[in-house]
Amino acid sequence: MTVSQPNVAGLTSAEAKRLQDIYGKNELSPQKKETFFQKVLHILCEPMFLLLIAAAIIYFILGEPRDGAIMLIFVVGIISIDVIQEWKTDQTLHALKDLSAPQITVIRDGNEQRIASADLVPGDLMMICEGVKIPADGVVLRCADLCVDESSLTGEAEGVWKTPTGSTEPTTDYWRKDYCYAGTLVTQGTAVVQVDQIGAQTEYGKIGLGVAAAPQADTPLQKQTGKLVKTCAILAGVLFALVAVFTWFNIPDHPFSDRLIESILSGVTLAMAMIPEEFPVILTVFLSMGAWRLAKKNSLVRMLPSVETLGAVSVLCVDKTGTITKNQMTVQEIWVADGTEQVLVETMGLGCETDAYDPMEKAMLRCCEAHGISRESLFSNEFVREYAFTNERKMMGHVWRKGGRLVVAAKGSPERILTLCSLTDKARCAAEEQMQALSSQGLRVIAIAAAHPENEAAIPAAITDCRLALLGLVGLADPPRESVKNDIAVCNRAGIRVVMITGDNGITASAIAQKIGVPGSDNIITGEALEAMSDEELRVAVKTASIFSRVIPAHKMRIVKAFQENGAIVAMTGDGVNDAPALKYADIGIAMGKRGSEVSREAADLILLDDNFTTIVETVRDGRRIYDNIRKAVGYVFTIHIPIAAASLLAPFLGIAPAALLLLPLHVVLLEVLIDPTCSIVLERQPAEEDIMARTPRDPKEKLLTGKLLAKSVLQGFFIFAASFGAYFASLAGNPDNAPAARAMGLAIIMLANLFLVQVNSSDHDFAYRSVRRLSKDPVMWAVNLGTLTLLAVILYTPVSLYLKLAPLTGAQLFTAIGLAAASVLWYEFVKLVTKLRKR
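Remember, predicted model here, so these are calculated numbers, not experimental data. (Residues numbered from 1 in each chain as written. Predicted model: local features only at pLDDT ≥ 70, side-chain atom pairs only at ≥ 80, totals over all residues. Heavy atoms only, no water.)

1. With respect to the overall build of the protein chain
From N to C terminus, the protein chain includes 31 helices and 21 strands. Out of the 840 residues belonging to the protein chain, those deemed buried represent 51%. Contacts in the protein chain between residues far apart in sequence, at least 24 positions, make up 74% of those at least 6 positions apart. (Helix = DSSP H or I, 4+ residues; strand = E, 2+ residues; numbered from the N terminus. Buried < 20%, exposed > 50% of the residue type's maximum accessible area, 1.4 Å probe, protein only. Contact = heavy atoms within 4.5 Å.)

2. A closer look at the sheet that holds strand E14 (residues 444-451)
Taken together, six strands build an open sheet; the order of strands is E10-E15-E14-E13-E12-E11 and the sheet is antiparallel. This sheet does not close on itself; its edge strands, each paired only once, are strand E10 (330-336) and strand E11 (382-387). In this sheet, neighbouring strand axes are inclined to one another by 20 degrees on average, regardless of whether the strands run parallel or antiparallel. The sheet contact formed by E11 and strand E12 (residues 395-402) spans five bridges and is antiparallel. From the neighbouring strand, Glu 386 faces E12, where its bridge partner is His 398. Strands E10, E14 and strand E15 (469-477) of the sheet are contacted by helix H16 (residues 425-440), whose axis makes an angle of about 5 degrees with E15. (Pairing = 2+ DSSP bridges. Axes fitted to C-alpha atoms, helices over the stretch in contact; angles between N-to-C directions.)

3. A closer look at the sheet that holds strand E16 (residues 497-501)
One open sheet accounts for eight strands, arranged E8-E21-E20-E19-E9-E16-E18-E17; its pairing is mixed. Either end of the sheet is taken by a strand with one partner, and the two such strands are strand E8 (299-301) and strand E17 (524-526). Across the sheet, the mean angle separating the axes of adjacent strands is 20 degrees when strand polarity is ignored. Looking at chain direction, E17 and strand E18 (residues 547-549) are connected through three bridges and run parallel. Residue Ile 525 lies in a different strand from E18, and its bridge partner there is Phe 548. Lying over the sheet, helix H24 (residues 613-653) contacts E8, strand E9 (315-319), E16, strand E19 (570-574), strand E20 (588-592) and strand E21 (606-608), oriented at roughly 160 degrees with respect to E9.

4. Structural notes on the pattern of salt bridges
Two side chains of opposite charge can pair, provided their charged atoms sit close to one another. Going through the model one piece at a time under the given rule, you end up with 26 salt bridges. Asp 21 is paired through a salt bridge with Lys 17; the nearest N and O atoms lie 3.9 Å apart. Taken as a pair, Asp 21 and Lys 17 lie in helix H1 (residues 13-23) at a separation of four residues, close to a single helical turn. Residue Asp 21 shares its accessibility class with Lys 17, and that shared class is exposed. Ionic pairing is found between Glu 829 and Lys 832, a salt bridge with its closest N-O pair at 3.1 Å. Taken together, the positions of Glu 829 and Lys 832, both in helix H31 (residues 811-839) and three residues apart, correspond to about one turn of that helix. For the pair shown, Glu 829 and Lys 832 are each scored as buried. One connected set of salt bridges, linked through shared partners, spans Asp 628, Lys 632, Glu 689, Asp 691 and Arg 695. (Salt bridge = Lys/Arg side-chain N within 4 Å of Asp/Glu carboxyl O.)

In structure tokens form, the structure reads like this:
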């Protein structure tokens, strides 16, 4: 809604900047930021890094400062990767927070501007309207039907009607009628308010209500990964002791101190390999980056955990107007019941708000202008009183004095207006037939009626007390968006049931639903029928109903609850103040960014910046992609850790000397340098699979690491282990002097297999060549792949190999390593082929 500009230009940008330097931001408490050193300390406290540092210290104790120094360099490298990734995540979350911050329209430099509420300064002219949560204290300069809910401050539930400053006698009351307070909610009307106090100086701030973010509880996904890490850590501790004991007995010829340290070092290597510390990184990075990608597609995620829920949505409850349709109403048909079309159109205009913001009223006023009736001629008459629109009554009216004669101009739902009209049976039947005919065309039907009280004393107190004369009906059309039909088809294929909830007539909604392909469009439940149903009856009814018509916002919560009790994951759209409870109750609350109220946006998990149904479908698609990629990353982490852990576990049992092991702590750290970017950057970037919207929604109770995924990861991991450890063991040939070349062979196979593994695991259905083709133009993928090959070349064919206790591979050995690495991973392509053939 917009408010006409007052006769003042507001502050200039320069004045606003100067005042902000003096008064600061409009915030109750400054945000505390974690320092760089706090971030580093937080990372160092992770079990993995404590083990790395312990391993480095052991190297120094062993009298091998060179190995210890290399170890510490790797530690700094991995910490740098984690710090940079955390910094990027913080930047992403900060940008998302800026996007979702409350905003307010002000007048600056003589123009209306939309600014962050935090940037308000004393003297600013705020333009407030229905649904806005007032962000600062201020004086009401002008208003129209302004009612504010001040219960958050006063405890009084009844709305307060505001008046412009100076229009009433001064009172001694603490809470002023010509003043608006921060934290209160506009429930009706419009106003221009001059900011007086901001931040902690407001009444809201004085009471001491902080706006610090509430502590975030862990999501089910975070709890699952936390349990996995703890389980692996416990297992690592047990195996650490086991390997240390076996190593101790394997080297009886070593001095006691060396024997003890070598045993501990072997155990540390295994423990480092066993702890999948990447899981928390995966969750944080995938959810925050996923939210950022959604924001670029006009879908702003306010609650990061909701990203994981998006992929499980099975019921999508949407409003018709503005989401399914263009929200560009036009008057299509006019039916005159009594009098002339000109009188009907003029009465229709008199029943509209002077500052029309509703698309339907705007269409009606455009219709008046098309009939030669200007706004000036309509609203230059003397305004007497208003019958405000309510969801319960579904009608409204204005009383005007026009040419010395009183006129009640009423409009609203035909079902309600007709109950107030004196009609013959024949006239009533004719009106109802016409209403049915217009509705069946998909038009929104509004009845227009009038009355002429003799004097002001005869004006009824409520519109329901009026006796009206029906002038006729108007049919308005809001055509569906061009892309909606295709979007509904996508939802149908994806197993997502689209349900239309509207305040409009059921027949109108059904006609629109039929046009766009909503299944079951002829099954309609009206608000009145819903009111009469018990919760159990409603649970049964929602299984087949696709249209809910003439509902009020209070009904929406019952509809959502009924679907949820049937086991559905519900996404719900809303834009009004009264939609906030339903948005909160839904699994995913989706608020409209353009036409939605501030309150509905605060209650929602997701804000559509373009109010477009296509954006909802794309958001669900991306939600599925994000969850898929999280699962792929978790499977990848298990797979790549198995050859590392198994090699560390098996060597002591085979009696291999600690100095000749396939992987020393140095090499485990080197592999971590590869694993961290792969799971947190490469897999996050994987595009959606081709069939992602042809699957049914996932079961929300399904665990992240399913038995099937674990079996696949274990199998893939053991194939890589068999290839790498087999090649290493064969090259070692029982001679510790061959350890550098054997180790180089095994390490090269693991590093090369890592490249193949990402492509193969990019999809459970598509072949690897398709994944390569999809990402062939992605510079990050090229950088990671070439970076891995470069790293392999550096550690094998430069002097660095001596420090890492490796030896260069011959051409034949290198090609053998490539072949074994490919074979250890690409066998899964045959599994995909067999699966596809079976499905066919």
